[in-house]
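The chain contents come next:
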Amino acid sequence: MRKDNILYVVVPCYNEEEVLKETTKRLKVKLEELVACKKISSKSKVMYVNDGSRDRTWELIEEISKEEEFFTGICLSRNRGHQNALLAGLMIAKSKADVVISMDADLQDDINAIDCMLDKYNDGCDIVYGVRSSRKKDSWFKKTTAQGFYKFMRIMGVDIVYNHADYRLTSKRVLENFADFKEVNLFLRGMFPLVGYRSDVVYYERNERFAGTSKYPLKKMLNFAWDGITSFSIKPIRFVLTFGILLFVISVIMTIYCIIVKLLGHAVAGWTFLACSIWMLSGIQMLSLGIIGEYVGKVYSETKARPRYIISRNLEEENSRK
Ligand code: UDP
Ligand code: MG
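This is a predicted model, so every value here is computed, not measured.

**Student:** Could you give an account of the packing of helix α1 (residues 17–36) against helix α2 (residues 57–67), naming the residues involved and the relevant values?
**Tutor:** Their axes nearest at 9 Å, the elements α1 and α2 cross at an angle of 20°. By the angle class used here, α1 and α2 are roughly parallel. In this structure, α1 meets α2 at a crossing whose hand is right-handed. Along the contact surface, α1 presents E17, L20, K21 and T24, while α2 presents T57, L60, I61 and I64. Classifying every residue of the contact of α1 with α2 by side-chain character gives 4 nonpolar, 2 polar and 2 charged.

**Student:** Describe the environment of E17, with residues and values.
**Tutor:** If you trace the backbone, E17 turns up in helix α1. Among the residues examined, E17 registers a relative accessible area of 33% and is labelled partly exposed. Along the sequence, E17 and V252 sit 235 residues apart, while their C-alpha atoms lie 65 Å from each other. Aside from chain neighbours lying at most four places away, what touches E17 is D55, R56, T57 and L60. Engagement of the side chain of E17 in a polar contact is seen with the backbone nitrogen of R56, the distance being 3.2 Å.

**Student:** Describe the packing of aromatic side chains, and please don't skip the residues or the numbers.
**Tutor:** Summed over all chains, the structure comprises 7 aromatic pairs. Ring plane angle 85° and centroid distance 5.1 Å describe the contact between Y167 and Y204, whose orientation is recorded as edge-to-face. Here Y167, found in strand β6 (residues 164–171), pairs with Y204, found in strand β7 (residues 199–204); they are 37 residues apart in sequence, far enough to count as distant. Taken individually, Y167 and Y204 each receive the classification buried, so the pair is uniform in this respect. On the numbers, 5.8 Å between centres and 65° between planes, the contact of F187 with F232 is edge-to-face. Placement of the pair is F187 in the loop between α6 (172–178) and α7 (188–195) and F232 in helix α8 (residues 218–232), with a sequence separation of 45 residues. Here F187 matches F232 in class, with each residue buried.

How each quantity is defined
- Residue positions are counted from 1 within each chain, in the order its sequence is given.
- For this description, chains carry letters from A and ligands carry numbers from 1, given in the order in which they are written.
- Side-chain atom pairs in this predicted model are given and counted only at pLDDT of 80 or more, local residue features only at pLDDT of at least 70, and totals for whole chains, interfaces and linings cover all residues.
- Each side-chain value is worked out from all heavy atoms of the structure, with water and hydrogens disregarded.
- Angles run from 0 to 180 degrees between N-to-C directions of axes, and those axes are lines fitted to C-alpha atoms, restricted for helices to the stretch in contact.
- We count a stretch as a helix when DSSP gives it H or I for four or more residues in a row; a strand needs E for two or more, and each element gets its number in order from the N terminus.
- Any angle between 65 and 115 degrees counts as roughly perpendicular, while under 35 counts as roughly parallel, over 145 as roughly antiparallel, and the rest as oblique.
- Left-handed describes a crossing whose near helix is turned anticlockwise from the far helix through less than a right angle; right-handed describes the clockwise counterpart.
- Contact between two residues is taken to exist if any of their heavy atoms lie within 4.5 Å; hydrogens are not considered.
- Charged means Asp, Glu, Lys or Arg here, nonpolar means Ala, Val, Leu, Ile, Met, Phe, Trp, Tyr, Cys or Pro, and polar covers whatever is left, Gly included.
- Residue burial is assigned from relative accessible area. The probe radius is 1.4 Å, only protein chains are included, and a residue is buried under 20% of its type maximum, exposed over 50%, and partly exposed in between.
- For the purposes of these results, a polar contact is taken to be a pair of N or O atoms within 3.5 Å, where, inside protein, one atom must be able to donate a hydrogen and its partner to accept one; residues adjacent in sequence count only when each atom of the pair is a side-chain atom.
- Stacked, tilted and edge-to-face are the three classes applied to pairs of Phe, Tyr and Trp rings, where Trp contributes its six-membered ring and a pair requires centres within 6.5 Å; stacked means planes under 30 degrees apart, edge-to-face means over 60, and tilted covers the rest.

Put into structure tokens, the structure is as follows:
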């Protein structure tokens, strides 16, 4: 990396007063080291995003940014959740930085992976995903639910990088393109792959939380998973349509069966009419729901108004600039 490349590390914080001092200490050493070996510009910074914390997090951020030259912060007006806080940080950092890394405040993500991420950026990657090589230090429950989550997302047709959370490097141009994704229900780890460009992964050992407790209890995690599926996939709607078609076919077969039973004289009075009505109506209803669902699915993807394409290079422009 040329030494004038400015790096911003965006760190969302929600009630993180217990870890902030230690995080600052470690990130400071890291940034100083990177500046000293001329990997990044001395204008690089760590940007803390206070996500409406109820403890002393913001006071600490203010103190730190006064005392330390490498640190700055922004404060959201209220708690908006990890994804929104992260997006806010990324969108502000993009106008100041050439390359941005997002990470959690709790030191679970190994900060030594930053060197490797920067090397990959130098090799021409625009996105570098931090991937957990193992989950030895996670509790059995967290490990199982998290792995189940990634597998379920795959089945549901959401294309995400396995075991990648939100520890990632992105270049300025990726963030500029990302600003065109206007959706409100955020699932950042699924959205970045949509931007495209060359990407790579860096493996790291996930540590235990340095201090404090997880801000993602089971309820929030389930909400997040549900958001991920419903913001990315119309597969659940397809399931309804498939089931509708199947049920409709079965209902036709059952209707024929009922009529045959009637013709053979095995049916009591009124049974054929009732049975045929139930089967046909259920089949038609389910099929209709599936068809309506397909249109709802179309409306849903139209309202997202995601960019239809992103141009990575334009030779005519490049040549005219020379
Ligand atoms: N976080 C946030 N807003 C929230 C919840 C969490 O900014 O509403 C931040 C939190 O401070 C941390 C990161 O998101 O930096 C990840 O949260 P946590 O480490 O608690 O999640 P876990 O690692 O347990 O999944
Ligand atoms: Mg954590």
